[in-house]
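Residue-level structural notes
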Amino acid sequence: MSRDALPRSAPQRSALRRAALADLSGLRARHPQVFSVPLRRRLLVAGVVAGLAGLALVAMVRLDFSLLRILTGLHRLGEFAVLMLPPSPEGQGLVFLKALAETLAIAFLGTLTAALLALPVALLAARNVMPNVFLRFTVKRGFDVIRAVDVLIWALIWINVVGLGPFAGALAIACSDFGAFGKLFSEAIEAADRRPQEGVTAAGGSPLHRVRFGLLPGVLPVLASQVLYFFESNTRSATIIGIVGAGGIGQYLTELIRVLEMQQVAFLVLMILVTVAGIDWVSGRLRRAIIGAPA
C-alpha cells in the first residue's frame, strides 16, 4: 500500500483542507470539470427528477390515493388491535404447531429442490463455462420468464394441477426460486476466480475437471449462503401461499381473519414472527460460517 493510500489522522485532514481552501482559485482553474457541472448534465438530472415526480403523481391519482382516507381509517386499525389482545390459541395450539411445521417443510423442500435443479442449469448460462452464446441466451431468458411469475401465481397454477395442499405449495416455491437461483448462481459462477481453473487446465484436466475441481469449490460457499437466505425468505412466502390453499399455517390465518377470531390471529402472527426471527438468527450464523466471516 502506498503512502498516499494510508488513512490520515484528523490534524492531517484539517491541514489538507486549509491548504485546499487557500488555493481554491487555483484548483478551480486546474480542474474546472470538478467545480462546474455541464448544463446538459444538469438539465438531464432535472428532467429525470421531474419525470419521476410526474410518474408518482399520476400513479397516486390513478390509484385514488388519499391521505384523508388513511387518517379517517386509523380508528378501525385501533379497533382490530384491541380485538387481538390478548393473543390466545383457544385450545388450537397443537393444530397451529402442526401447521407451522408444515409451512417450514414447504419452504425447506421448495428451496432445496430449486437449488438442486438450478445449479446444473446455471452452468449452461455462465459465460466462463458455456461458450455457445445462443444456448446461454436461451437459458438466461428462460430464467427471466420463470422468475417473472410470482410465487402466488405459481401456487394458483399448481393447485389446479395437483390439487390443494402443501405439495402444491412446495412446487410453487421450487418453480419461483428456480428462476431466481439460476440467475444468481450463473452470476456467481461468472465472477469466480479464474486462477484455480487455469491451474487445473495446466495440470492436464479436462473441461469437466476444470468445473468440478477449479470452479465449484470456490463458488459453493456463496451459493450455499444464497440458499440459506432464500430459505428464510421462503418461510414467509409459504405463509402467504397457504392463504390460497397451498397448505401450511396460511390457510388457518385467512380463515380466522374471515370470522374475526382476532385473538387466534394474533397468536398465529406471533408464532410466525418468532419462527422467522429464529430462522434468521440461525441462517445468519450459518452464512457467516460458510463464507468464513467472523461471527
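Just so it is clear, the model here is predicted, and its values are computed rather than measured.

**Observations concerning a nonpolar patch on the surface**
- Together, Met-60, Phe-65, Leu-67, Ile-70, Leu-71, Leu-74 and Leu-77 make up an exposed nonpolar region whose accessible area comes to about 700 Å².
- The element that contributes the greatest number of residues to the nonpolar patch is helix 5 (residues 67-83), accounting for five residues.
- By the secondary structure assignment, Leu-71 is in helix 5.
- Under the relative-accessibility criterion, Leu-71 is labelled exposed at 51%.

**Some details on unusual backbone geometry**
- Even without a glycine there, the phi angle at Asp-64 is positive, about 55°.
- Classification of Asp-64 as exposed rests on a relative accessible area of 51%.

**Some remarks on the packing of helix 6 (residues 93-125) against helix 9 (residues 166-190)**
- Where helix 6 meets helix 9, the axes come as close as 6 Å, and the angle between the chain directions of the two elements is 35°. Of the two elements, helix 6 crosses helix 9, and the hand of that crossing is right-handed.
- Of the residues contributing to the contact of helix 6 with helix 9, the split by class is 20 nonpolar, six polar and three charged.

**Comments concerning the pattern of salt bridges**
- Per the stated rule, a full pass over the model turns up seven salt bridges.
- Across the pair Arg-127 and Glu-190 runs a salt bridge, and its minimum N-O distance is 3.9 Å. Placement of Arg-127 in the loop between helix 6 and helix 7 (133-148) and of Glu-190 in helix 9 is noted, with a sequence separation of 63 residues between them.
- By relative accessible area, Arg-127 is classed as exposed at 51%.
- Here Lys-183 makes a salt bridge to Glu-187, at a shortest N to O gap of 2.8 Å. Linking Lys-183 with Glu-187, this pair stays in helix 9, spanning four residues, or about one helical turn.
- Beyond isolated ion pairs, a larger network of salt bridges with shared partners links Arg-127, Lys-140 and Glu-190.

**Comments concerning the environment of Leu-223**
- Mapping Leu-223 onto the fold places it in helix 11 (residues 207-241).
- On the basis of relative accessible area, Leu-223 is assigned to the buried category, the value being 4%.
- Leu-223 sits 64 residues away from Arg-287 along the chain, and the two C-alpha atoms are 10.0 Å apart.

Procedures and definitions
Residues numbered from 1 in each chain as written. Predicted model: local features only at pLDDT ≥ 70, side-chain atom pairs only at ≥ 80, totals over all residues. Heavy atoms only, no water. Patch = residues over 30% accessible without salt bridge, like charges linked within 9 Å, V, L, I, M, F, W, Y side chains within 5 Å. Areas by Shrake-Rupley, 256 points an atom, 1.4 Å probe, with all protein chains shown as cover. Salt bridge = Lys/Arg side-chain N within 4 Å of Asp/Glu carboxyl O. Helix = DSSP H or I, 4+ residues; strand = E, 2+ residues; numbered from the N terminus. Buried < 20%, exposed > 50% of the residue type's maximum accessible area, 1.4 Å probe, protein only. Axes fitted to C-alpha atoms, helices over the stretch in contact; angles between N-to-C directions. Left-handed = near helix turned anticlockwise from the far one by under 90°. Nonpolar A, V, L, I, M, F, W, Y, C, P; charged D, E, K, R; others polar.

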